[in-house]
Amino acid sequence: MEEFKNKNHNEKLVYTVSELMALGDINQKYLLKPLLPLVGCAVLVGQPDTGKSQFARQLCIHVALGLESFLDFELQPKVNKAIYVATEDDRDSVKFLLSKQLQGIDKDYNDNLKFIFADTLDPKEIWETLEEEIAKEAISLVIVDSYGDIFNGQDTNNNMAMRNTAKSYDKLAKKYGCLILFVHHINKKGYGLSPSQNHIQGGSGLTQKVRVAMQLSDGEDEIRYLTVVKGNYCPKKYKSNSIELTFSEDNFLFNSTKKLISTSEIGKANKSSKRDQKHYNKIKIIEDIMSADTYRHTELVRKYCEKTNESESTAIRLINKLTEENVLLKNDDGTYSKTKNSK
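Residues numbered from 1 in each chain as written. Predicted model: local features only at pLDDT ≥ 70, side-chain atom pairs only at ≥ 80, totals over all residues. Heavy atoms only, no water.

A. Representation of the side chain of Lys230. In this fold, Lys230 is placed in strand 11 (residues 223-231). In this structure Lys230 is buried but unpaired, with Asp170 as the nearest side chain of opposite charge at 9.9 Å. At 2.5 Å, the side chain of Lys230 forms a polar contact with the backbone oxygen of Thr207. Here Gln208 takes part through its backbone oxygen, which lies 3.5 Å from a polar atom of the side chain of Lys230. Those residues in contact with Lys230, other than ones at most four positions away along the chain, are Gln197, Thr207, Gln208, Lys209, Val210, Arg211, Val212 and Ala213. (Helix = DSSP H or I, 4+ residues; strand = E, 2+ residues; numbered from the N terminus. Buried < 20%, exposed > 50% of the residue type's maximum accessible area, 1.4 Å probe, protein only. Lys, Arg positive; Asp, Glu negative; His and termini not counted. Salt bridge = Lys/Arg side-chain N within 4 Å of Asp/Glu carboxyl O. Polar contact = N/O pair within 3.5 Å; in protein donor to acceptor, adjacent residues only side chain to side chain. Contact = heavy atoms within 4.5 Å.)

In C-alpha cells:
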C-alpha cells in the first residue's frame with residue numbers, strides 16, 4: 001500500500017514533560033466549539049439525500065465569511081479561509097448550489113473559499129493538488145467530498161487501507177495546522193437506524209484515525225439530526241443526544257431548532273414507507289423521461305421540472321441522489337444515462 005508522504009517533515013517528535021508544559025495553553029482548541037477540533041481530521045456521514053454536502057459547504061461559507069457561529073455553535077478558526085475539494089459535483093452544480101446558499105445567508109461573497117474540482121483526478125493527484133494549495137497560505141478548514149474518491153486502496157472494507165488513507169490526510173492537517181473534514185456514507189444496514197459509528201462505511205479503520213465522526217440523519221419533512229458518534233473531548237450530551245436541525249430545499253441551508261433529541265429515539269419510528277414510495281415514484285418519472293437517451297444535467301433538470309412542476313433545487317437533489325444510488329450513471333462527457341441497476 002503506497003502512502004502519500006509529506007515532504008521536508010521537520011516537526012519535533014520527542015518531548016520531555018517540561019517541554020510539553022512549556023508549550024503554553026493547555027485548553028482544547030476548536031474550530032467549531034465544542035464539536036470540531038482546530039487541527040486534525042473528522043468525518044461527516046449519512047445516507048443519501050440527508051444534505052451532507054450542503055452542510056459541509058455551508059460550514060465552509062461561514063468560515064470564509066468570518067461569521068461568529070454555525071448552527072449556534074461558536075466558530076474559532078485561526079484564519080477565515082477554507083478549501084472545498086469536490087470529487088462528485090461539477091462546476092455548474094456547485095455554482096448553482098453555492099449561489100442559493102449565499103442568497104439565503106444574505107452576505108456578499110469573497111474569495112476566502114476555494115473549490116478544487118477533482119472529479120478527473122486520481123487519489124494521489126487529489127492529495128498533491130490539495131497540499132499545493134494549502135502550502136500557499138494559511139487555511140482553517142478543508143472539506144473533502146467525498147472520502148470514497150480519495151481512498152488509496154482496492155477494498156473499502158480493509159481497515160488498514162482505510163486507516164492509511166486517513167493517516168496521509170491527518171499528516172497534512174497537522175503539518176499545516178488545519179481541520180480536514182471528510183464527507184462519507186453509512187452502510188445500507190444502518191439506513192433508518194439510530195446513529196452509530198458502527199454504520200460508517202468501510203469498517204473501523206477510518207473512525208479509529210479521525211478525532212470526530214458526526215452523522216446526519218433524516219427526520220420528518222425538513223427535520224434533520226446531527227449526532228456526534230465519536231468525539232474526542234466532545235461533551236457527553238452531544239453524544240447521547242442529537243442536535244435537531246431544519247433543512248430548507250429553497251436555499252439549501254441548515255438551521256438549529258435549539259432542541260436536543262435522545263439519539264436512541266432516532267430511527268425508532270417506522271417512517272420510511274411513505275417516503276420510499278414517494279422516492280420510487282420519482283425514480284419512475286426520471287426513467288420515463290430518459291427512456292434510452294442520455295441527457296446533460298441542465299436538460300434533465302429542465303425536463304423533470306416541466307413534468308412535475310417541482311423546483312430546480314428539488315430536481316438537482318434528486319439527480320444527485322439517484323447518481324449516488326447507482327440508478328443514474330454520470331458519464332465521462334458529463335451526460336447522464338440509466339444504469340443496468342435501474343428498473
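Let us keep going from here.
B. Highlighting the sheet that holds strand 7 (residues 113-117). On the basis of which strands lie adjacent, the open sheet formed by nine strands has the order 7-6-8-9-3-10-11-12-13 and mixed pairing. For this open sheet the edge positions go to strand 7 and strand 13 (254-262), each flanked by a neighbour on one side alone. Direction aside, neighbouring strands of the sheet carry axes that sit 20° apart on average. Direction of pairing for strand 11 relative to strand 12 (residues 241-247): antiparallel, over a ladder of four bridges. (Pairing = 2+ DSSP bridges. Axes fitted to C-alpha atoms, helices over the stretch in contact; angles between N-to-C directions.)

C. Seen up close, helix 2 (residues 52-65). For helix 2, which comprises 14 residues, the first-to-last C-alpha distance of 20 Å matches the rise-based estimate of 20 Å (1.5 Å per residue) to within 8%. Burial of helix 2 is extensive: 14 of the 14 residues sit out of reach of the surface. Note on helix 2: the residue one or two positions beyond its end, Gly66, has a positive phi of about 75°. (Expected span 1.5 Å × (residues − 1).)

D. View of helix 4 (residues 123-134). The terminal C-alpha atoms of helix 4 lie 17 Å apart, and with twelve residues this matches the ideal 16 Å at 1.5 Å per residue to within 8%. Looking at helix 4, one finds that the buried residues are Ile126, Trp127, Leu130, Glu131, Glu133 and Ile134. When helix 4 is viewed along its axis, its buried side chains cluster within an angular range of 160° and face the same direction. Here the buried face of helix 4 lies against strand 6 (82-86), strand 7, strand 8 (141-145) and helix 5 (159-176). The N-cap residue of helix 4 is Asp122: its side-chain oxygen and the backbone nitrogen of Lys124 are 3.1 Å apart. (Arc of directions from axis to C-beta.)

E. Representation of the nonpolar core within the structure. In terms of nonpolar packing, the biggest core is built from 64 residues, with Leu35, Leu36, Phe55, Leu141 and Leu300 touching the most fellow members. Counting residues per element, this core draws most heavily on helix 2, which supplies eight residues. Here Leu300 is in contact with Ile286, Ile289, Met290, Tyr295, Ile319, Leu328 and Tyr336, once residues within four sequence places are set aside. (Core = buried A, V, L, I, M, F, W, Y, C linked by side-chain atoms within 4.5 Å.)

F. Examining the packing of helix 9 (residues 297-308) against helix 10 (residues 312-324) more closely. Packing of helix 9 against helix 10 brings their axes to within 9 Å, and their N-to-C directions diverge by 120°. Classified by the interaxial angle, the pair formed by helix 9 and helix 10 is oblique. For the crossing formed where helix 9 meets helix 10, the hand is right-handed. Together, His297, Leu300, Val301, Tyr304 and Cys305 of helix 9 and Glu312, Ala315, Ile316, Leu318 and Ile319 of helix 10 make up the contact between the two elements. Classifying every residue of the contact of helix 9 with helix 10 gives eight nonpolar, one polar and one charged. (Parallel < 35°, antiparallel > 145°, perpendicular 65-115°, else oblique. Left-handed = near helix turned anticlockwise from the far one by under 90°. Nonpolar A, V, L, I, M, F, W, Y, C, P; charged D, E, K, R; others polar.)

Without other data, these values stay purely geometric and don't point to any function.
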